[in-house]
Amino acid sequence: MENKSFIELVKHRTSCRTYDPRPVPREHLELMLEAARLAPSACNKQPWRFAVAESAEVRQRLVQDTLRVGIEMKWAGNAGAIIAIGVVRKGMVHKVGTKISGVEYPQMDLGIAGEHLVLQAEELGLGTCWIGWIKQKPIREIVGWPKSIEPMGLITVGWPASNERKTRPRYSMDEIVKWV
Ligand SMILES: Cc1cc2nc3c(=O)[nH]c(=O)nc-3n(C[C@H](O)[C@H](O)[C@H](O)COP(=O)(O)O)c2cc1C
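The rules behind each value
- Residues numbered from 1 in each chain as written.
- Predicted model: local features only at pLDDT ≥ 70, side-chain atom pairs only at ≥ 80, totals over all residues.
- Heavy atoms only, no water.
- Salt bridge = Lys/Arg side-chain N within 4 Å of Asp/Glu carboxyl O.
- Helix = DSSP H or I, 4+ residues; strand = E, 2+ residues; numbered from the N terminus.
- Buried < 20%, exposed > 50% of the residue type's maximum accessible area, 1.4 Å probe, protein only.
- Arc of directions from axis to C-beta.
- Contact = heavy atoms within 4.5 Å.
- Near = heavy atom within 4 Å.
- Polar contact = N/O pair within 3.5 Å; in protein donor to acceptor, adjacent residues only side chain to side chain.
- Areas by Shrake-Rupley, 256 points an atom, 1.4 Å probe, with all protein chains shown as cover.

**With respect to the pattern of salt bridges**
Right, on to step 1. Inspection of every chain in the model, using the stated rule, returns eight salt bridges.
Right, on to step 2. In this structure, Arg37 engages Glu34 in a salt bridge whose closest nitrogen and oxygen atoms are separated by 2.7 Å. Of this pair, Arg37 and Glu34 both sit in helix α2 (residues 26–37), three residues apart, which is roughly one turn of the helix.
Right, on to step 3. Residue classification places Arg37 among the partly exposed residues on the basis of a relative accessible area of 48%.
Right, on to step 4. Among the salt bridges present, the one from Arg89 reaches Glu104, with a minimum N-O distance of 3.9 Å. Taken together, the residues span a long stretch of sequence, with Arg89 in the loop between β3 (81–88) and α4 (91–101) and Glu104 in the loop between α4 and α5 (105–123) at a distance of 15 residues.

Below is the structure:
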């Protein structure tokens, strides 16, 4: 694996939707989860939870029963692993704090942790894709989470089937940044 600088890694990552169905080594998944575990969070509440589906049976159930119609996502079944991500809303910070400030801390925290995981995968040469167009209830049932964990998405993880990367456009700096 060639060593990329952080910005090169970020530039190289694109959502991967074609996978070679080879399994993802457990150590790779553990390293990705470790990167997520160390993410910052509001008041260090660490509201993220992860459920890792490695077996073909659970992956297929997730693909068949939890993806919403309207976006073609059958490709997700070829990814060697699918990681469900969920949040636990905890105490004052998440319930009262969010109401007072209007800032959705648990979702922000989960997004940060999820992207740590994704970028660690990228460094390992793995492809990933966030999936937010999901049905929450069947995810909870399939992975066996209690009601206190709210499924927020899936992240597919696997070996990219080709080196081709489809780069999606981004807004220019001028469109998104104001120096004040
Ligand atoms: C929170 C979130 C939800 C997403 N949901 C889906 C999804 O349901 N299906 C899908 O194919 N891609 C999904 N994506 C991937 C985006 O379409 C993709 O990140 C975006 O188009 C930019 O392309 P890139 O990741 O290749 O740079 C999601 C991405 C994020 C961050």
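From this point on, the discussion continues.
**Observations concerning helix α3 (residues 56–66)**
Right, on to step 1. Among the residues of α3, Arg59, Leu62, Val63 and Thr66 are the ones counted as buried. Along the long axis of α3, the arc covered by the buried residues comes to 115°, so they all point the same way. Opposite the packed face of α3, turned more than 90 degrees from it, sit the exposed residues Glu57 and Gln64.
Right, on to step 2. In this structure, the buried residues of α3 make contact with β2 (48–53), β3, α6 (136–143) and β5 (149–160).

**A look at the site of the ligand**
Right, on to step 1. Near the ligand, the surroundings consist of 13 residues, among which Arg13, Ser15, Trp130, Gly132 and Arg170 are the closest.
Right, on to step 2. Residue Ser15 places a side-chain N or O atom 2.6 Å away from an oxygen atom belonging to the ligand.
Right, on to step 3. In this structure, an oxygen atom belonging to the ligand sits 3.0 Å away from a side-chain N or O atom of Arg168.
Right, on to step 4. Coverage of the ligand by the protein chains reaches 68% of its 620 Å² of free accessible surface.

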